[in-house]
Amino acid sequence: MTWYAVSGAIEQGLVYGMMSLGVFMTFRLLDFPDLTVDGSLPLGAAVGSVCLAQGMPPFLALIPAAFAGFLAGSVTGILNTKFNILHLLASILTMTALYSVNIRIMGGPNLPLLGLPFVFSPLIEMGITPFLASPIVFGGFAMVAGALLFWFMQTETGQALIATGDNPKMIKSMGVNTHSMIILGVGLSNAMVAVSGALIAQNQGAADVNMGVGTIVAGLASIVVGETLFGSRAGGSSVGRCVVAVVLGSVVYRLAIAFALGIKVGEFSFQPSDLNLITSILVVFALILPQLQKRLRK
């Protein structure tokens, strides 16, 4: 695997790190399987790209993207809590609707961003090569997002959100509105995913309506890999460790994908179309590994 492939994998792992943190909030903290992320990631890319095209500064363009993602997640939470629609079905309905919404926002299936300034443009203007500028900026975003998530989980609201996922009956008996916690948690999760989508669009130089396909799978893979390698407990003082594990898991996952795509045995080699197969094998291996370790110890 070349240095170019390693650098690209690290860059992708960091820019998708915020998306993985968003999936972590719903999947681990709220115990809420949320497929909205497959639609909120291109939603953030669409909104952020349109704002960029209208002359908004790259960093400020992330704010409307985050707000749009929060609204999308809130819709899923409202459908689930207020209308008693199964969480999985509610998220699928929102995701399906967002496909058309994203096309409406962009005025077409894609929106090129060639010639526009991006979040890493200031570093490039300072003389830093693009291969270094992008990972530095995306790493900074991942660190800030992880720190904010860790801080939020230490607050009273954050603890109530964690308790809602752990034991909703208990926290409801203490006077906490679990419906509000679910709506807030799913909204914040998709806000982070949308910001990640806006950053990905700037990194790729275009927004596309299909760029969110497989987002939930990649997010879950990053979580599983991170928990397997760096720690798996969520709640209390271990939240910080889980946040770091998710971001590192995203990087390791992208490195594993890059390594697998570079494998060549004789005439056989993996193709980009095999990405879903590689992801499934990687997740299965990460899930089975702890069980194998326990059996070996016995």
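Residues numbered from 1 in each chain as written. Predicted model: local features only at pLDDT ≥ 70, side-chain atom pairs only at ≥ 80, totals over all residues. Heavy atoms only, no water.

Undergrad: Please set out the nonpolar core residue by residue, giving values where relevant.
TA: Note that soluble globular proteins tend to have their nonpolar side chains buried in a common cluster. Of all hydrophobic cores here, the largest spans 77 residues; its most connected members are Leu21, Phe138, Met153 and Leu199. Per element, the largest residue contribution to this core is 10 residues, and it comes from helix α10 (residues 178-204). What Phe138 contacts, discounting residues up to four positions off in sequence, is Glu11, Leu14, Val15, Val119, Phe120, Leu199 and Asn203. (Core = buried A, V, L, I, M, F, W, Y, C linked by side-chain atoms within 4.5 Å. Buried < 20%, exposed > 50% of the residue type's maximum accessible area, 1.4 Å probe, protein only. Helix = DSSP H or I, 4+ residues; strand = E, 2+ residues; numbered from the N terminus. Contact = heavy atoms within 4.5 Å.)

Undergrad: I'd like a description of the pattern of salt bridges, backed by residues and values.
TA: Per the counting criterion, the structure on display carries one salt bridge. Here Glu227 ties to Arg28 by a salt bridge, and the two come within 2.6 Å at their closest N and O atoms. With a gap of 199 residues between them, Glu227 in helix α11 (residues 215-230) and Arg28 in helix α2 (residues 17-29) connect regions that are remote in the sequence. By relative accessible area, Arg28 is classed as partly exposed at 32%. (Salt bridge = Lys/Arg side-chain N within 4 Å of Asp/Glu carboxyl O.)

Undergrad: Tell me about a nonpolar patch on the surface, residues and numbers included.
TA: A cluster of nonpolar side chains, namely Leu86, Leu88, Leu89, Ile92 and Leu93, defines an oily patch on the protein surface of about 410 Å² accessible area. By the secondary structure assignment, Ile92 is in helix α5 (residues 87-106). On the basis of relative accessibility, which here comes to 31%, the residue Ile92 falls in the partly exposed class. (Patch = residues over 30% accessible without salt bridge, like charges linked within 9 Å, V, L, I, M, F, W, Y side chains within 5 Å. Areas by Shrake-Rupley, 256 points an atom, 1.4 Å probe, with all protein chains shown as cover.)

Undergrad: Which residues make up helix α3 (residues 37-53), and what values go with them?
TA: The end-to-end C-alpha separation of α3 is 24 Å, in line with the 24 Å expected for 17 residues at 1.5 Å each. Of all 17 residues that make up α3, 15 are buried, and the element is covered over most of its length. Looking one or two places after α3, you find Gly55, whose phi comes out positive at around 100°. (Expected span 1.5 Å × (residues − 1).)

Undergrad: So what about the confidence of the model for the chain? Which residues, and what values?
TA: One rule of thumb: low pLDDT means the predicted coordinates there are not for detailed reading. Here the chain averages 91 in pLDDT, and 98% of its residues register 70 or above. Averaged over each element, pLDDT in the chain is lowest for strand β3 (residues 264-265) (78) and highest for helix α4 (residues 62-81) (98). (pLDDT = per-residue confidence, 0-100.)

Undergrad: Summarise the packing of aromatic side chains; cite the residues concerned and give the values.
TA: Here a ring pair, both rings aromatic, is described through the centre-centre distance and the interplanar angle of the planes. Enumeration over the complete set of coordinates arrives at four aromatic pairs. Between the aromatic rings of Phe120 and Phe138, the centroid separation amounts to 6.0 Å while the plane-to-plane angle is 85°, which identifies the pairing as edge-to-face. In this pair, Phe120 is assigned in the loop between β1 (110-112) and α6 (121-125) and Phe138 in helix α7 (residues 130-154), connecting sequence segments 18 residues apart. Residue Phe120 shares its accessibility class with Phe138, and that shared class is buried. On the basis of an interplanar angle of 75° and a centroid distance of 5.2 Å, the ring pair of Phe268 and Phe270 is categorised as edge-to-face. Taking relative accessible area as the criterion, Phe268 reaches 45% and is therefore assigned partly exposed. An aromatic cluster is defined as three or more aromatic residues linked by ring pairs; in this entry it consists of Phe118, Phe120 and Phe138. One cation-aromatic arrangement involves Arg254 over Tyr16; the distance from NZ or CZ to the ring centre is 4.1 Å. (Phe/Tyr/Trp six-rings, centres within 6.5 Å; stacked < 30°, edge-to-face > 60°. Lys NZ or Arg CZ within 6 Å of the ring centre and 35° of its normal.)

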